[in-house]
2 protein chains.
Amino acid sequence: MKDKAVFSVIGIKHGHVYQMCDGLIKSGAVIKYVYDDDVKSVESFSLKFPTCKYVENADSIFSDNETDLIVCADIPNRRCDIGVISMRSGKDFFCAKAAMTTTEQLERIKTTCKETGRKFFIYYSEMVANKSALYAEKLIKCGKIGKVVNVIILAPHKLGENRPEWFFSREQSGGIITDIGSHQFYQFLRYTGNESAKITYSITANYSRIGEDFDDIGECCVRGDNGVTGYIRTDWLSPDSLNVFGDGRVFIVGTEGYIELRKYTDVGVSEEPDNVIMVNKNGVFKKSVFFCQDIDFFDNLLYDLKYRTEKAMNFTQSFAAMELALKAQNNANENRSADE
Amino acid sequence: MKDKAVFSVIGIKHGHVYQMCDGLIKSGAVIKYVYDDDVKSVESFSLKFPTCKYVENADSIFSDNETDLIVCADIPNRRCDIGVISMRSGKDFFCAKAAMTTTEQLERIKTTCKETGRKFFIYYSEMVANKSALYAEKLIKCGKIGKVVNVIILAPHKLGENRPEWFFSREQSGGIITDIGSHQFYQFLRYTGNESAKITYSITANYSRIGEDFDDIGECCVRGDNGVTGYIRTDWLSPDSLNVFGDGRVFIVGTEGYIELRKYTDVGVSEEPDNVIMVNKNGVFKKSVFFCQDIDFFDNLLYDLKYRTEKAMNFTQSFAAMELALKAQNNANENRSADE
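Since the model is a prediction, treat every value here as computed from it, not as a measurement.

Brief notes about the overall build of chain A
Then, number 1: Each helix and strand counted, chain A has 11 helices and 15 strands in total.
Then, number 2: Taken against the 2.2 N^0.38 rule, which gives 20 Å for 340 residues, the C-alpha radius of gyration of chain A at 20 Å falls within 12% of a compact globule.
Then, number 3: With the C-alpha coordinates of chain A rotated into their principal frame, the extents come out at 55 × 50 × 40 Å.
Then, number 4: Taken over 340 residues, chain A has a buried fraction of 62%.
Then, number 5: A fraction of 69% describes how many contacts in chain A between residues 6 or more apart in sequence connect residues 24 or more apart.

Right, dumping it as structure tokens:
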């Protein structure tokens, strides 16, 4: 067995691919090949990862015996097919979210995992690579706020400029809830300790890009199998003046206290990230956990590759998050509030 | 015509009555009589309002020719009957929220208003007497965040101790959404410029008072006639350690920016109330508006009494808020998440 895990990359359409590769390399993996149908974007990628070799087609990666793991951030509706071929080629798969854009694709991935024994990781960065989210989960597990009863997640994002064409296609991107929402459902399931939940309400609307195949706001209500409820708002309406991509917040209510996360900035207060506020019987507690919380996701992922364990993420929960996002999106497609 | 408006009080079951009387007196009205079936509570009331005379039955107030306005903070399900008699006796009426506990009561009040020409004010303090809420409304009207598209209101409350018996009866209190939620629906309508809206989802649960006729959490989704959506969470789960009755928040998303209110405290940051945060193309703006926002509700109410205008509140909006709260509560009564 090789000393180090080797990974190759197929599809670099979404910027998360940089975090995914960076995390794996920092945890000791070696990057080998990259393929994308846009050679220009590969040039920028190579500046960041100069040891990574460009290949002219994905097949060279599928057939490479040295590659253990395929990292994929292709256009969302193409990720499933690449994942299936990867797993059938004996590789594990590490996919940007949203990993699928239809429930049919989700079922195909689940079946392929079962049939091949391969692992399909999804990079829900807003949970697995977010220090405040991980810290909150720890506080909950320590019982600091009693039993969790409600979780509200606000996931506003800047739209910015230079979004690619596929971003403005619901079919290719999966839609706002599938895309941004999947992160949030995964958080909901982890904070509430559920492996399954139901969508009780969802709605989307398009205010800023009239006539385009796009929604700039999406909302969902969800109810875990244990009765805990949640609300998620996603949007692409944040002003460019904000110092971060979005003023993401989480509010977790327990029977004995509550937690608020100001994940990326403490708007109006400071630009420090990873702010955790907790109020319980001992009083009010607030700090940035940037310097005191580790992210062990990538270490765990590489451990899972080697020892066939399930430390990085609970796959049932991970697929359940995608299922919730897809169902909420489908429901919302029938329930659009405005497109003026 | 008398120089000053005269008001009398029927029912002092809810603490809001102190703010209501105080506000009227500060704006120049004169308090005359008080009636409550619990003489003990009248004693405390008289300490605060020593010129107010106790009467042994409500009829003495209904028949008092000098009383222009009756203030009522009786048990919620008794407020409607008192309001109807008051208005039929030629008095205007100023009612604590929730002003009604059933849609039948709401219809009765509306009919009585029409038939008598009397005014029925509801004290939605979290809007009409809240400086940050009033300031936000001004910012919206000035177009500072473009067109409003979504409003989220978190209305957590401490349960505390010494709640009266009626508080733990859904029939008498109206339930958590009717009670706390009515404030929030009124805010939703004002921030979004709607006079009418629909409930799209609601749910309640009881985690802390197992077996009691009570819910400690209630959530609602709402959609205004203009398509703007909202989510409201009410709860009685705030820890006693908090320095205020609840860490009330409002998040208003517009097409060109967003506003957050930290209404009663800036949790973890400072104990200053009335914090307004706005992010728009000009950057991030944060301040406490405690010293720079007036509350003109009581002045306007007295003006309305005298000149028969509608400056203090839009009654269509006020009744619509109660209607939404009652409908959301009714729907939630069929949709309870947990009662363990």
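Having put the structure on the table, let's press on.
Comments concerning the sheet that holds strand E2 (residues 30–35) of chain A
Residue and element names in this part refer to chain A.
Then, number 1: Taken together, the 6 strands give an open sheet; going across it, the order is E3-E2-E1-E4-E5-E6, and neighbouring strands pair in parallel fashion. Looking along the sheet, the strands with just one partner apiece sit at the ends: strand E3 (53–54) and strand E6 (120–123).
Then, number 2: Here strand E1 (residues 6–12) pairs with strand E4 (residues 69–73) via 5 bridges, running parallel. Among the inter-strand pairings, Ser-8 is bridged to a residue of E4, identified as Ile-70.

Some thoughts on the interface of chain A and chain B
Then, number 1: Taken residue by residue, the interface counts 49 residues in chain A and 49 residues in chain B.
Then, number 2: Summed over both sides, the interface between chain A and chain B buries roughly 3900 Å², with carbon and sulfur atoms accounting for 63% of that surface.
Then, number 3: When the buried surface of chain A facing chain B is broken down by residue, Tyr-201, Tyr-207 and Tyr-258 of chain A rank first, second and third, together holding 13% of it.
Then, number 4: At the boundary of chain A with chain B, the tally comes to 2 salt bridges.
Then, number 5: The salt bridge involving Glu-260 of chain B is made with Arg-249 of chain A; its shortest N-O contact spans 2.5 Å.

Regarding the relation of the copies chain A and chain B
Then, number 1: Overlaying chain A on chain B yields an RMSD of 0.0 Å, the required transformation being a rotation through 180 degrees with an accompanying axial translation of 0.0 Å. As the rotation angle and translation indicate, the two copies are arranged about a two-fold axis. No C-alpha of chain A lies nearer the rotation axis than that of Tyr-201 of chain A, which sits 3.4 Å from it.
Then, number 2: A share of 100% of the interface residues of chain A reappears at the interface of chain B, consistent with the copies meeting face to face through the same patch.

Comments concerning the pairing of strand E13 (residues 275–280) of chain A
Residue and element names in this part refer to chain A.
Then, number 1: In terms of burial, E13 is a largely internal element, 6 of the 6 residues being buried.
Then, number 2: Burial along E13 is two-sided: Asn-275, Ile-277 and Val-279 and Val-276, Met-278 and Asn-280, pointing in opposite directions, are all buried.
Then, number 3: Sheet analysis places strand E12 (residues 257–262) next to E13, joined by 6 bridges and oriented antiparallel. For Leu-261, the partnering residue across the bridge sits in E13 and is Val-276.
Then, number 4: As judged from the 6 bridges shared by E13 and strand E14 (residues 283–288), these two strands associate in the antiparallel manner. Looking across to E14, one finds that Asn-275 is bridged to Ser-288.

A short note on the packing of helix H1 (residues 16–26) of chain A against helix H2 (residues 39–48) of chain A
Residues and elements named next belong to chain A.
Then, number 1: Interaxial distance between H1 and H2 falls to 12 Å at its minimum, and their mutual angle equals 30 degrees. Considering the angle they form, H1 stands roughly parallel to H2. Viewed along their axes, H1 and H2 form a crossing whose handedness is right-handed. Contacts between H1 and H2 pair Val-17, Tyr-18, Cys-21 and Asp-22 from the former with Ser-44, Phe-45 and Lys-48 from the latter.
Then, number 2: Class assignment of the residues belonging to the contact of H1 with H2 gives a composition of 4 nonpolar, 1 polar and 2 charged.

Some details on the sheet that holds strand E1 (residues 6–12) of chain B
Residue and element names in this part refer to chain B.
Then, number 1: Spatially, the 6 strands line up as an open sheet ordered E3-E2-E1-E4-E5-E6, and their pairing is parallel. Whereas interior strands pair on both sides, the edge strands pair on one side only; in this sheet they are strand E3 (53–54) and strand E6 (120–123).
Then, number 2: Examined bridge by bridge, strand E5 (residues 92–96) and E6 share 4 bridges and lie parallel to one another. Residue Phe-93 lies in a different strand from E6, and its bridge partner there is Phe-120.

Quick notes on unusual backbone geometry
Residue and element names in this part refer to chain A.
Then, number 1: With omega at -15 degrees, the peptide bond leading from Lys-97 into Ala-98 counts as cis.
Then, number 2: In this fold, Ala-98 is placed in the loop between strand E5 (92–96) and helix H5 (103–116).
Then, number 3: A positive phi angle, close to 65 degrees, is found at Asn-162, a residue other than glycine.
Then, number 4: Looking at the element boundaries, Asn-162 is found in the loop between strand E7 (148–158) and helix H8 (170–173).
Then, number 5: For Asn-162, a relative accessible area of 77% corresponds to the exposed category.

Quick notes on the packing of aromatic side chains
Then, number 1: On inspection of all chains with the given rule, the structure shows 45 aromatic pairs over all chains.
Then, number 2: Residues Phe-290 of chain A and Phe-291 of chain A carry aromatic rings whose centres are separated by 5.0 Å and whose planes lie at 85 degrees to one another, so their mutual orientation is edge-to-face.
Then, number 3: By relative accessible area, which is 76% here, Phe-291 of chain A ends up exposed.
Then, number 4: For the ring pair Tyr-124 of chain B and Tyr-186 of chain B, a centre distance of 4.4 Å and an interplane angle of 20 degrees mean the geometry is stacked. A residue pair is termed long-range when its members are at least 10 positions apart, and Tyr-124 of chain B in the loop between E6 and helix H6 (125–128) and Tyr-186 of chain B in helix H9 (residues 176–192) qualify at 62 residues.

As for the side chain of His-14 of chain B
Then, number 1: Position of His-14 of chain B relative to the elements: it lies in the loop between E1 and helix H1 (16–26).
Then, number 2: Taking relative accessible area as the criterion, His-14 of chain B reaches 19% and is therefore assigned buried.

Some remarks on the pairing of E1 of chain B
Taken residue by residue, a regular strand's side chains alternate between the two faces of the sheet.
All names here are of chain B.
Then, number 1: Most of E1 is tucked away: 7 of the 7 residues are buried.
Then, number 2: Here E1 pairs with strand E2 (residues 30–35) via 4 bridges, running parallel. Among the inter-strand pairings, Phe-7 is bridged to a residue of E2, identified as Ile-31.
Then, number 3: The parallel pair E1 and E2, bridged by H1, forms a crossover whose chirality is right-handed.

Examining helix H7 (residues 131–141) of chain B
Residue and element names in this part refer to chain B.
Then, number 1: Most of H7 is tucked away, with 9 of its 11 residues classed as buried.
Then, number 2: Residues Lys-131, Ser-132, Ala-133, Leu-134, Tyr-135, Ala-136, Glu-137, Leu-139 and Ile-140 constitute the buried set of H7.
Then, number 3: In the stretch just after H7, Gly-143 is the one whose phi turns positive, near 75 degrees.

Concerning the side chain of Asp-304 of chain A
Residues and elements named next belong to chain A.
Then, number 1: Take Asp-304: it is sitting in helix H10 (residues 297–307).
Then, number 2: It turns out Asp-304 is buried and unbridged, and the closest side chain with the opposite charge, Lys-119, is 5.9 Å from it.
Then, number 3: For Asp-304, the side chain forms a polar contact with the main-chain nitrogen of Glu-310, separated by 3.4 Å.
Then, number 4: When near neighbours in sequence (up to four residues on either side) are disregarded, Asp-304 contacts Lys-119, Phe-121, Thr-309, Glu-310, Lys-311, Ala-312 and Met-313.

Definitions and limits used
- Per chain, residues are indexed from 1 in the order of the written sequence.
- Chain letters and ligand numbers both follow the written order, the letters beginning at A and the numbers at 1.
- Thresholds applied to this predicted model are a pLDDT of at least 70 for local features of residues and 80 or more for the giving and counting of side-chain atom pairs; totals over whole chains, interfaces and linings are not thresholded and use all residues.
- Side-chain numbers here rest on the full set of heavy atoms in the structure, without hydrogens or water.
- Each helix is a run of H or I in the DSSP string that is no shorter than four residues. Each strand is a run of E no shorter than two, and both are numbered from the N terminus.
- C-alpha atoms define the radius of gyration, and 2.2 Å times the number of residues to the power 0.38 defines the globule rule.
- Using a 1.4 Å probe on the protein chains alone, a residue whose accessible area is under 20% of its type maximum counts as buried, one over 50% counts as exposed, and one in between counts as partly exposed.
- Note on definitions: a residue-residue contact is assigned when non-hydrogen atoms from the two residues lie within 4.5 Å.
- Any two strands with at least two DSSP bridges between them are considered paired.
- The term buried area means the drop in 1.4 Å probe accessible area that two parts suffer when joined, counted for both and summed.
- When a carboxyl oxygen of Asp or Glu lies within 4 Å of a side-chain nitrogen of Lys or Arg, that pair is called a salt bridge.
- In superposing the copies, a least-squares fit is computed on C-alpha atoms, taking residues whose pLDDT is at least 70 in both.
- Axis definition: a line fitted to C-alpha atoms, limited for helices to the stretch in contact. Angles are taken between N-to-C directions and run from 0 to 180 degrees.
- Oblique is the label for every angle not falling under 35 degrees (roughly parallel), over 145 degrees (roughly antiparallel), or within 65 to 115 degrees (roughly perpendicular).
- Each crossing is labelled by how the near helix is turned from the far one, with a counterclockwise turn of less than a right angle marking it left-handed and a clockwise turn marking it right-handed.
- Under the convention adopted here, Pro, Cys and the residues Ala, Val, Leu, Ile, Met, Phe, Trp and Tyr are nonpolar, Asp, Glu, Lys and Arg are charged, and Gly plus all remaining residues are polar.
- Pairing of aromatic side chains here covers Phe, Tyr and the six-membered ring of Trp, requires ring centres within 6.5 Å, and sorts the geometry by plane angle: under 30 degrees stacked, over 60 edge-to-face, intermediate tilted.
- Convention used here: a crossover is right-handed provided that the path from the first strand, over the helix, to the second strand proceeds clockwise when the strands point away from the viewer.
- In this tally, Lys and Arg are treated as positive and Asp and Glu as negative; His is ignored, and so are the chain termini.
- N or O atoms closer than or at 3.5 Å make up a polar contact, with two conditions inside protein: a donor-capable atom paired with an acceptor-capable one, and, for residues adjacent in sequence, both atoms drawn from side chains.

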